[in-house]
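One-letter residues, chain by chain:
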Amino acid sequence: MKLGLISILTVSLLFSCKNAQIKNTETAQTKAVKSNITNEQLMDRVQKDALKYFWDYAEPKSMLGRERYHEDDIYPDNDKHVITTGGSGFGLATLLVGVERGFVPRKEAVKRLSHMMDFLAKADRHKGAWSHWINGETGKTVPFGKKDNGGDLVETAFLTSGILMVREYFKNGNAEEKALAAKCDELWKGIQWNWYTKGGEKVLYWHWSPEYQWEMNFPLEGYNECLITYILAASSPTHPIDAETYYKGWARNGNYLSDKTKYELPLYVKHNYAEEYGGPLFWSQYSYIGLDPTGLSDKLVKNYFDLNKNQVLIDYKYCVENPKQWKGYGPNYWGLTAGYTRNEDGSTGYTAHMPTNDNGVITPTAALSSFPYTPKESMDFLRFLYTQKPEFIGSAGPYDATSVNYNNWFTPRYLAIDQGTIAPMIENYRTGFLWKLFMNAPEIQQGLKKLSFQSEKYGIK
């Protein structure tokens, strides 16, 4: 029976606002924080604020992450009930940070997470993979595009990364927590990663639809945000891919390596369609919510941390250089990634901001989710935002898109994929919490070894 048949009243009773509200719910927009706030307090603040997206403003039936949350309550596509698979995966990681830091009650979180796993078990799946968008009220696939109405392997990977971290966190807990971990394990084992090689080709494909089959025809080739998809596919205990698929498909037979530099920083790999500066900053974040790049290498890339750090520093140096002379850009206000944007007429649109697609809009998640790579530069941005730009802070943390250049323009809207990386990546900088959960999962250890990855930190040789 689909979750959509469960009454709204029942779910409301399970997750009432009274019980689920995060402590200290004063919104950041009420006033700027005092300039003498400590760095630790600032990181606590933004983590707690970003958590609200997935705790206070979750889709009420599934309790998973909405694709978008708009404070103005304007949803042009009438998609308030649509949940996003990948963003929900980042939301799972965010909830774990909330539990670990005591921002949300552990017992309440276990109830909610169990409900989410039950929803995902009953939702539409396509050879084990979930679709990009799901109707949060019914569990049915919501097409992301006409032919994109089936399984989305990349979004499924982002979700699965979160599911595995939930499993690892609770697997040795009490009976209820062990039951939650078992649900996570079952979901993970049901994904048919090898199906997405289109009959045994040495590459993974992003989409498969029961109606349109392989017509989307999008092979996953590096370099972009999709590395985690190959890691999980190789690690699967039930439907794995082999190492050849990784090196021939993702690594393009080694042809994705780059000898280019920018600002005297080597890029190491060819960023798809962005070889000069590197791509939008989410490429250095989405795969690395759980995958720890610290000292991580494979046959081709000597250090994934350096790869990511250089991409972020190139973005930072571009914003400081500010060749288009946007007002406000500088050491305290930087960061280009995909998200909402300001259209020429002042309305809200969407684009993948990066140095080669820079329209004067800064996306806060870009710098905030880069803390592991650029702690000083990210902290300077965080401090500037909260002490000097309170108008850019809403009920769930920094708004998705801002612009000092356009008279402090912002959109009072949020996206799960952007808000969901903030708390996890800051936590990975602070404690390595999520990295440890993911990297120590037994299947991940075996999968990385299969692909000839090495990490002295986790004993992978």
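This is a predicted model, so every value here is computed, not measured. (Residues numbered from 1 in each chain as written. Predicted model: local features only at pLDDT ≥ 70, side-chain atom pairs only at ≥ 80, totals over all residues. Heavy atoms only, no water.)

### Some remarks on the overall build of the protein
No. 1: For the protein, the count of helices and strands is 16 helices and 15 strands.
No. 2: A globule of 461 residues ought to have a C-alpha radius of gyration of about 23 Å, and the protein, at 21 Å, matches this closely.
No. 3: C-alpha atoms of the protein, sized along the principal axes, occupy 60 × 50 × 45 Å.
No. 4: The 461 residues of the protein split such that 63% are buried.
No. 5: Here the contacts in the protein between residues at least 6 apart in sequence split such that 68% fall between residues at least 24 apart.
No. 6: Of the accessible surface of the protein, which amounts to about 17300 Å², a share of 49% is contributed by carbon and sulfur atoms. (Helix = DSSP H or I, 4+ residues; strand = E, 2+ residues; numbered from the N terminus. Rg over C-alpha atoms; globule rule 2.2 N^0.38 Å. Buried < 20%, exposed > 50% of the residue type's maximum accessible area, 1.4 Å probe, protein only. Contact = heavy atoms within 4.5 Å. Areas by Shrake-Rupley, 256 points an atom, 1.4 Å probe, with all protein chains shown as cover.)

### Quick look at the nonpolar core
No. 1: Formed by 138 residues in total, the largest nonpolar core has its most connected members in Tyr-246, Leu-291 and Tyr-304.
No. 2: Among the elements that make up this core, the one with the highest residue count is helix H6 (residues 153-170) (11 residues).
No. 3: Counting nine residues, the second-largest nonpolar core is a separate cluster that includes Tyr-57, Tyr-75, Ala-396 and Ala-416. (Core = buried A, V, L, I, M, F, W, Y, C linked by side-chain atoms within 4.5 Å.)

### A short note on the packing of aromatic side chains
No. 1: Following the criterion strictly, the structure yields 39 aromatic pairs and no others.
No. 2: Pairing Trp-250 with Tyr-256 gives two aromatic rings, centres 6.3 Å apart and planes at 70°, and the pair type is edge-to-face. By the burial criterion, Trp-250 is buried, and Tyr-256 matches it.
No. 3: Judged by centre distance (5.4 Å) and plane angle (40°), the rings of Tyr-399 and Tyr-414 are tilted. Placement of Tyr-399 in the loop between strand E12 (397-398) and strand E13 (402-403) and of Tyr-414 in strand E15 (residues 413-415) is noted, with a sequence separation of 15 residues between them. Of the two residues examined, Tyr-399 and Tyr-414, each falls in the buried class. (Phe/Tyr/Trp six-rings, centres within 6.5 Å; stacked < 30°, edge-to-face > 60°.)

### Structural notes on the packing of helix H5 (residues 106-122) against helix H7 (residues 175-189)
No. 1: The interhelical angle for the contact between H5 and H7, taken along N-to-C directions, is 30°, at an axis separation of 10 Å. Taken together, the axis directions place H5 and H7 in an arrangement best described as roughly parallel. In this structure, H5 meets H7 at a crossing whose hand is left-handed. For the pair formed by H5 and H7, the contact residues are Arg-106, Val-110, Lys-111, Leu-113, Ser-114, Met-117, Asp-118, Leu-120 and Ala-121 on the first element and Glu-176, Glu-177, Leu-180, Lys-183, Cys-184 and Leu-187 on the second.
No. 2: Looking at side-chain class alone, the contact of H5 with H7 contains eight nonpolar, one polar and six charged residues. (Axes fitted to C-alpha atoms, helices over the stretch in contact; angles between N-to-C directions. Parallel < 35°, antiparallel > 145°, perpendicular 65-115°, else oblique. Left-handed = near helix turned anticlockwise from the far one by under 90°. Nonpolar A, V, L, I, M, F, W, Y, C, P; charged D, E, K, R; others polar.)

### Some remarks on the UniProt feature "domain: Glycoamylase-like" (unreviewed entry) in the protein
No. 1: Feature annotation in UniProt assigns "domain: Glycoamylase-like" (unreviewed entry) to the following positions: residues 217-441.
No. 2: With 33% helix and 11% strand, the stretch residues 217-441 has end C-alpha atoms that lie 32 Å from each other. (UniProt positions renumbered as here; feature names shortened; annotations may be inferred.)

### Points about the pairing of strand E9 (residues 338-342)
No. 1: Most of E9 is tucked away, with five of its five residues classed as buried.
No. 2: Of the strand pairs in this sheet, E9 and strand E10 (residues 348-352) are connected by five bridges, and their pairing is antiparallel. The partner of Arg-342 across the bridge, within E10, is Thr-348.
No. 3: Between E9 and the antiparallel strand that follows it, E10, lie five residues; Gly-346 among them carries a positive phi value of about 90°. (Pairing = 2+ DSSP bridges.)

### A short note on the layout of surface pockets
No. 1: Approximately 810 Å³ is the volume found for the largest pocket.
No. 2: Taken together, 32 residues line the largest pocket, and the ones lying closest to its centre are Trp-206, Phe-218, Glu-225, Phe-282 and Trp-283.
No. 3: Taken together, the elements giving at least two residues each to the lining of the largest pocket come down to H6 and E10.
No. 4: With three residues, H6 is the largest single contributor of residues to the lining of the largest pocket.
No. 5: Of the residues contributing to the lining of the largest pocket, the split by class is 19 nonpolar, five polar and eight charged. (1 Å grid on protein atoms, 1.4 Å probe; cavity = no way out; pocket = protein on both sides within 12 Å on 5 of 7 lines; lining within 4 Å. Points joined across faces, edges and corners; volume = space filled by probe spheres on them.)

### Let's talk about unusual backbone geometry
No. 1: Residue Tyr-223 follows Gly-222 across a cis peptide bond; omega there is 15°.
No. 2: Relative to the elements of secondary structure, Tyr-223 occurs in the loop between strand E6 (207-208) and helix H8 (227-235).
No. 3: Even without being a glycine, Glu-264 presents a positive backbone phi close to 65°.
No. 4: Counting through the fold element by element, Glu-264 comes out in the loop between strand E7 (261-262) and strand E8 (265-266).

### Details of the environment of Leu-451
No. 1: Within the fold, Leu-451 resides in the segment after helix H16 (442-450).
No. 2: Classification of Leu-451 as buried rests on a relative accessible area of 1%.
No. 3: Leaving out residues up to four positions away in the same chain, Leu-451 has contacts with Tyr-230, Ile-231, Ala-234, Asp-242, Ala-243, Tyr-246, Tyr-247 and Asp-298.

### What about the environment of Asp-418?
No. 1: As for its position among the elements, Asp-418 is in helix H13 (residues 416-419).
No. 2: In sequence terms Asp-418 and Ser-403 are 15 residues apart; their C-alpha atoms lie 17 Å from each other.
No. 3: Every residue in contact with Asp-418, bar those within four places of it in the chain, is listed here: Tyr-286, Ala-338, Gly-339, Thr-363, Thr-365 and Asp-400.

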